[in-house]
Amino acid sequence: MGPADANNAGNVHGGVIMHLCDEVAGIAAVRHSGCRVVTAAVDRMTFRHPVFVGQLVTVKATVNAAWRSSMEVGVRVESENVRSGEVLHTSTAYLTMVALDDEGKPTEVRPVASERPDEIRRAREAQLRRDSRLAERQRIEQERARA
Ligand SMILES: CC(C)(COP(=O)(O)OP(=O)(O)OC[C@H]1O[C@@H](n2cnc3c(N)ncnc32)[C@H](O)[C@@H]1OP(=O)(O)O)[C@@H](O)C(=O)NCCC(=O)NCCS
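Thresholds applied
Residues numbered from 1 in each chain as written. Predicted model: local features only at pLDDT ≥ 70, side-chain atom pairs only at ≥ 80, totals over all residues. Heavy atoms only, no water. Salt bridge = Lys/Arg side-chain N within 4 Å of Asp/Glu carboxyl O. Helix = DSSP H or I, 4+ residues; strand = E, 2+ residues; numbered from the N terminus. Buried < 20%, exposed > 50% of the residue type's maximum accessible area, 1.4 Å probe, protein only. Core = buried A, V, L, I, M, F, W, Y, C linked by side-chain atoms within 4.5 Å. Contact = heavy atoms within 4.5 Å. Pairing = 2+ DSSP bridges. 1 Å grid on protein atoms, 1.4 Å probe; cavity = no way out; pocket = protein on both sides within 12 Å on 5 of 7 lines; lining within 4 Å. Points joined across faces, edges and corners; volume = space filled by probe spheres on them. Nonpolar A, V, L, I, M, F, W, Y, C, P; charged D, E, K, R; others polar.

**Structural notes on the pattern of salt bridges**
The tally for this structure, following the rule as stated, stands at 8 salt bridges. With a closest N to O distance of 3.3 Å, Asp-43 and Arg-133 form a salt bridge. One end of the pair, Asp-43, is in strand S1 (residues 36-47); the other, Arg-133, is in helix H2 (residues 117-146), with 90 residues separating them in the sequence. Look at Asp-43 and you get partly exposed, because its relative accessible area is 26%. Notably, a salt bridge pairs Arg-121 with Glu-125, separated by 3.3 Å at the nearest N-O pair. In this pair, Arg-121 and Glu-125 both sit in helix H2, 4 residues apart, roughly one turn of the helix.

Right under this line is the structure:
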């Protein structure tokens, strides 16, 4: 991370980390679907430790689950103090990416083949997040209809 990524105290802006997460999640979703994709939602983003100028940031993404046209991508961000070698898990993010066809319409994607225990756990948790997001949306719509 360089000075342009940070404030005067040397803390890297959250938005810089979010931008990296969005880019890397997009690449993972394109690799999975073979389509162009858009970000439909950032479902969650946590910042567990500050990131400072001079640290090396590594961003890894996994497609946790896929439904009809949407995919949940989990992103893990780590910072490394390259002098001491200390590595910290600084952020986790979950983004929903939607695959588009050549006309820009949502298009079907293949399911995620979850086999290993960690893949099965990620797929199950992705389904929980999707269910709670859809349930929340439904509750809000009902609330608005009542108001
Ligand atoms: C994402 C987008 C393509 C969805 O279009 P839509 O007309 O709502 O399409 P659909 O209703 O068919 O939904 C397509 C999928 O998107 C998902 N989706 C739509 N809105 C969503 C939201 N707010 N959060 C999570 N998923 C969403 C739907 O659940 C559906 O998933 P599924 O096919 O796996 O069941 C459209 O809203 C869009 O183009 N948004 C702008 C994307 C963009 O520009 N991103 C960059 C932001 S700067």
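**Observations concerning the nonpolar core**
One finds Ile-17, Cys-21, Met-71, Val-73, Val-75, Val-77 and Met-97 to be the most contacted residues of the largest nonpolar core, which totals 24 residues. Secondary-structure elements contributing two or more residues to this core are helix H1 (14-33), S1, strand S2 (56-66), strand S3 (70-80) and strand S4 (87-100). Looking at this core element by element, the count peaks at 5 residues for H1. In contact with Val-73, not counting residues within four places along its chain, are Ala-25, Ala-28, Ala-29, Ala-61, Thr-62, Val-63, Asn-64, Ala-93, Tyr-94, Leu-95 and Met-97.

**As for the pairing of S3**
In terms of residue burial, S3 counts as a mostly covered element, since 9 of its 11 residues are buried. Pairing geometry for S2 and S3, over 10 bridges, is antiparallel. Bridge pairing links Val-57 to Ser-79 in S3. Bridge count for S3 against S4 is 11 bridges, and the pairing is antiparallel. Residue pairing across strands places Glu-78 opposite His-89, the latter belonging to S4. Between S3 and S4, which pair antiparallel one after the other, the connecting turn spans 6 residues, and Gly-85 there sits at a positive phi close to 85 degrees.

**A closer look at the layout of surface pockets**
Space inside the largest pocket adds up to approximately 320 Å³. Taken together, 15 residues form the lining of the largest pocket, with Thr-62, Gly-74, Val-75, Arg-76 and Arg-122 sitting closest to its centre. Elements supplying a minimum of two residues to the lining of the largest pocket: S2, S3, S4 and H2. Its residues placed into classes, the lining of the largest pocket shows 4 nonpolar, 5 polar and 6 charged. Its volume calculated, the second largest pocket comes out at about 240 Å³. Surrounding the second largest pocket, His-32, Ala-61, Thr-62, Val-63, Asn-64, Arg-110, Val-112, Ala-113, Ser-114, Arg-116, Glu-119 and Arg-122 form its lining. Mapped by element, the contributors of at least two residues to the lining of the second largest pocket are S2 and H2. At 4 residues, the largest contribution of residues to the lining of the second largest pocket is made by S2.

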